[in-house]
Amino acid sequence: MLRSLRWPLTVLGALTVVWVLVLLAAPKQLDWTPTYRNDHKNPLDTYALYRLLPTLTAAPLRATRLSPYEVLQDSAAVPATYFFLQSSFRPGPADARALHRYMQRGGTVWLAADQISLGASADSLWRLPLLDDDFALNGLRDTVRCYLTAPVLRGRVAGVPQRVAGSSFQRDSLGRLVFEGKDSLQRRAAAVVLAADQRRRPVLVRLPVGRGQLLLCTAPALLSNYGLLYGRNVRFAEGALSYLPKGRVLWDEFYKQGRGGGESLLRVVLSSPALAWAWYGLLIGGVLFALLGARRRQRPVPTLRPLPNTSLQFARTVAGLYRQGRNHQPLAALRIRLFFDYLRTRFQEPVPAGIDGSYPHRLSLRTGVPEAEVTTLLARLHGYLDAEQVTEAELHRLHEMLTDFRQRAEG
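Notes on the structure follow.

The rules we used
Residues numbered from 1 in each chain as written. Predicted model: local features only at pLDDT ≥ 70, side-chain atom pairs only at ≥ 80, totals over all residues. Heavy atoms only, no water. Helix = DSSP H or I, 4+ residues; strand = E, 2+ residues; numbered from the N terminus. Buried < 20%, exposed > 50% of the residue type's maximum accessible area, 1.4 Å probe, protein only. Contact = heavy atoms within 4.5 Å. Salt bridge = Lys/Arg side-chain N within 4 Å of Asp/Glu carboxyl O. Patch = residues over 30% accessible without salt bridge, like charges linked within 9 Å, V, L, I, M, F, W, Y side chains within 5 Å. Areas by Shrake-Rupley, 256 points an atom, 1.4 Å probe, with all protein chains shown as cover. Expected span 1.5 Å × (residues − 1). Arc of directions from axis to C-beta.

**Quick notes on the side chain of Asn233**
Reasoning step 1: Its location among the elements puts Asn233 in helix H8 (residues 233-241).
Reasoning step 2: You can call Asn233 buried: its relative accessible area is 3%.
Reasoning step 3: With sequence-adjacent residues up to four places away left out, Asn233 is seen in contact with Val157, Ala158, Gly159, Tyr226, Gly227 and Leu228.

This is how it looks when you write it as structure tokens:
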């Protein structure tokens, strides 16, 4: 039986080896995800630009993975160029205000993104031209070509596929940028179009902000790995980046890769040697305590506390329940029953089912209270028992009457 299976297994093994070799020899499929990270070499990343930018601008370049609010906290720092290149730009309110103050002081912000989403407060500060949502026609393979509008740079053209071309700015019938707000005419006059596509739709503009400026590009793919290395696109990138002022360049990776350092919840503790040693000492101490100090010990003798006397509290609670309603007849009936129980236990004179004429006489002899007063008291008590409603004033009179009788009987 094994001989009959030898040839089929040999053929199956050979086919498996050929399939593995074909997979290994197949070209790797390109990833066109627009991440624009400076450490990746995919078509829509910025590995090439990050290494060419120092030579293009003749200025030092430093990447930062901190938020703009943290980077720009030092208001005395020399203004430089803050470089943003990403698919979408959605800064927080604090970052947007910090960047606006930075441009007001004379700094330059290069922002290349095909989607810009600012909050209501940030929109009133930045005052950007409107974007054209119908610019990118997904699914088409034709190439979008962009050119610089300056006469000395007009021959520098770059082309990217339509599906990754990004977006453009809206323009009116005269080809001018479209702004919103009361001062739209002033902002339109101050804005300068630096680059456009073959249909004259602006893709790179310069907006003055205070003593600084905002260079806004809606086609970040032009500066990606593919955008730089395709054809003669690098000449377009050189011309576009020539508008940057001289000085150092801060390259933002915070909005693409996140905050630098580890993602552990203890990254702040571990970043400081003193706090790190304290944390490790705490862990070692806990382990030693668990090993050496968690032995079985003599169980402590429990302290038995005497039970508290809550009779008074109980009486107050019950009295409060009785006084919640306006009809105090149940409380009066309870008070009378307690009085009869007092007569039974103190004077050994139980109350009969029907009070006859001899009961007041006997009670008068035992308590020393005149018989006429005893008879009047018993009549009033039975009146309270038969009443349908007892007011608060009548309840007070009943209490005074029983208290007076008890004091005279005890005296």
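**What to know about the pattern of salt bridges**
Reasoning step 1: Applying the stated criterion to the full structure yields nine salt bridges.
Reasoning step 2: Ionic pairing is found between Glu238 and Arg156, a salt bridge with its closest N-O pair at 3.7 Å. Taken as a pair, Glu238 in helix H8 and Arg156 in the loop between strand S7 (143-148) and strand S8 (157-161) lie far apart in primary sequence, 82 residues in all.
Reasoning step 3: We classify Glu238 as partly exposed; its relative accessible area is 33%.
Reasoning step 4: Arg362 is paired through a salt bridge with Glu349; the nearest N and O atoms lie 2.8 Å apart. Of this pair, Arg362 sits in helix H14 (residues 358-367) while Glu349 is found in the loop between helix H13 (329-347) and H14, placing the two residues 13 residues apart along the sequence.
Reasoning step 5: The exposure class of Glu349 is buried, given its relative accessible area of 5%.
Reasoning step 6: Linked through salt bridges whose partners overlap, the residues forming this network are Glu349, Arg362 and Arg366.

**Describing a nonpolar patch on the surface**
Reasoning step 1: Where nonpolar side chains cluster on the molecular surface, the patch consists of Val17, Trp19, Val20, Leu21, Leu23 and Leu24 and spans about 650 Å² of accessible area.
Reasoning step 2: Assignment of secondary structure puts Leu23 in helix H1 (residues 2-25).
Reasoning step 3: Since its relative accessible area comes to 49%, Leu23 is described here as partly exposed.

**Re helix H16 (residues 392-410)**
Reasoning step 1: An ideal rise of 1.5 Å per residue puts 27 Å on 19 residues; H16 measures up with 27 Å between its terminal C-alpha atoms.
Reasoning step 2: Every buried residue belonging to H16 is among Leu395, Leu398, Met401, Leu402, Phe405 and Ala409, and all of these are buried. Each buried residue of H16 sits inside an arc of 125° when the element is viewed along its axis, so together they form one side. In H16, those exposed residues whose orientation departs by more than 90 degrees from the buried face are Glu400 and Gln407.
Reasoning step 3: Against H13, H14 and helix H15 (371-386) lie the buried residues of H16.

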